[in-house]
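Given next are the chains, with one letter for each unit.
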Amino acid sequence: MARTTGSDGTRTEEAIRQAAISLIAERGFEAMTLRELARRVGVQPGSIYRYFPSKGRMLTELLVEHLQYLLEQWEVTRPDTADPVERLRAFVDFHVRSHTLRRREVFVANMELRSLAPADYRQVVALRRRYEDILTDILRDGIGSGAFVLPDARIATFAVLAMLTGVGTWFRENGRLGKRELIEQYTQLVMQCVGAAPPKPREGTRGRVN
C-alpha cells in the first residue's frame with residue numbers, strides 16, 4: 001500500500017499540486033497520468049479524486065491559481081502613484097521576479113491552454129486578460145500623458161509581455177546576471193520599446209552573464 005503524505009489534507013493537496021506542475025512541465029498534460037501522479041506523491045490513485053474531481057479540473061485549478069497569484073501579488077506590490085513611468089518600472093520588476101520565481105507554473109500556464117475544456121479555457125483566458133489589462137492601462141496612461149510614444153497600447157502589451165515572460169526559459173540563479181541586474185536591463189529594453197527616455201545605468205553595475 002502506498003504511504004500517505006502526512007495526515008493533513010491541506011499538505012497533501014499542496015503536494016499533489018506541486019507534483020502535478022512538475023509532471024506536466026516534464027511530460028505535458030496529455031502524457032501525465034493520475035496513477036503516475038499518485039505514485040510521485042505517495043498516495044493511492046483514488047486519493048487524487050478527494051482533491052480534484054478530474055484530471056481536466058486539476059489543470060484548470062492549477063492555471064487559475066497561478067493567474068490569481070499574479071493578480072493578488074500585483075495589488076500588494078503596485079506603487080501608489082499615477083506616474084506611468086514609475087508604474088511601468090514597477091510592473092517590469094514584478095513580472096520578471098514572479099516569472100523567474102515560478103518558472104514551472106509559467107511554462108504550464110503558457111503551454112497547456114490548449115488542453116482546457118472550452119468553458120475552462122474561457123475562465124482562464126478571462127483571468128489572463130485581467131493581467132494583460134494592467135499593463136495596457138499603464139501604457140495607455142503613458143501615451144495620454146506623452147511619456148510613451150506608441151501606435152497601439154494593446155499590441156505593445158503583447159510585445160512587452162512576450163519579451164518579459166521569456167526570461168523564465170533561460171534565466172538561472174547562478175548564471176552570469178544577478179536578478180537585480182537582469183531587471184535593470186529588461187527595464188531599459190522596455191522603456192526603449194515604449195518610446196520613453198532610457199534610464200541611466202547604475203554606476204558599478206556589472207553583471208554576471210548567463
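Cut-off values and rules
Residues numbered from 1 in each chain as written. Predicted model: local features only at pLDDT ≥ 70, side-chain atom pairs only at ≥ 80, totals over all residues. Heavy atoms only, no water. Salt bridge = Lys/Arg side-chain N within 4 Å of Asp/Glu carboxyl O. Buried < 20%, exposed > 50% of the residue type's maximum accessible area, 1.4 Å probe, protein only. Helix = DSSP H or I, 4+ residues; strand = E, 2+ residues; numbered from the N terminus. Polar contact = N/O pair within 3.5 Å; in protein donor to acceptor, adjacent residues only side chain to side chain. Contact = heavy atoms within 4.5 Å. Axes fitted to C-alpha atoms, helices over the stretch in contact; angles between N-to-C directions. Parallel < 35°, antiparallel > 145°, perpendicular 65-115°, else oblique. Left-handed = near helix turned anticlockwise from the far one by under 90°. Nonpolar A, V, L, I, M, F, W, Y, C, P; charged D, E, K, R; others polar. pLDDT = per-residue confidence, 0-100.

Describing the pattern of salt bridges
Argument step 1. One pass over the full model with this rule turns up 17 salt bridges.
Argument step 2. The closest approach of N and O atoms between Glu 36 and Arg 27, which form a salt bridge, is 2.7 Å.
Argument step 3. Glu 36 sits in the buried class, given a relative accessible area of 13%.
Argument step 4. Note that Asp 93 is salt-bridged to Arg 97, the shortest N-O span being 2.9 Å. Linking Asp 93 with Arg 97, this pair stays in helix α4 (residues 84–101), spanning four residues, or about one helical turn.
Argument step 5. Judged by its relative accessible area of 35%, Arg 97 is partly exposed.
Argument step 6. A single network of salt bridges, built from pairs that share partners, joins Glu 13, Arg 17, Arg 57, Glu 61 and Asp 120.

Some details on the side chain of Asp 93
Argument step 1. A distance of 2.9 Å separates a polar atom in the side chain of Asp 93 from a polar atom in the side chain of Arg 97.
Argument step 2. Among residues more than four places away in sequence, those in contact with Asp 93 are Arg 180 and Ile 183.

With respect to the packing of helix α1 (residues 9–27) against helix α2 (residues 34–41)
Argument step 1. It is at 9 Å that the axes of α1 and α2 come closest, and there the two elements cross at 125 degrees. Between α1 and α2, the interaxial angle falls into the category oblique. In this structure, α1 meets α2 at a crossing whose hand is right-handed. Of the residues in α2, those touching α1 at Ala 15, Ile 16, Ala 19, Ala 20, Ser 22, Leu 23, Glu 26 and Arg 27 are Glu 36, Leu 37, Arg 40 and Val 41.
Argument step 2. Residues of the contact of α1 with α2, tallied by class, amount to seven nonpolar, one polar and four charged.

What to know about the confidence of the model for the protein chain
If pLDDT is low for a region, its predicted coordinates should not be looked at in detail.
Argument step 1. Averaged over all residues, the pLDDT of the protein chain equals 89, while 90% of them reach at least 70.
Argument step 2. Across residues 1–7 the pLDDT falls below 50, and counting only partners more than four positions away or on other chains, this stretch makes 14 contacts in the model.
Argument step 3. Confidence drops under pLDDT 50 across residues 204–210; counting only partners more than four residues distant or on other chains, this segment forms 20 contacts.

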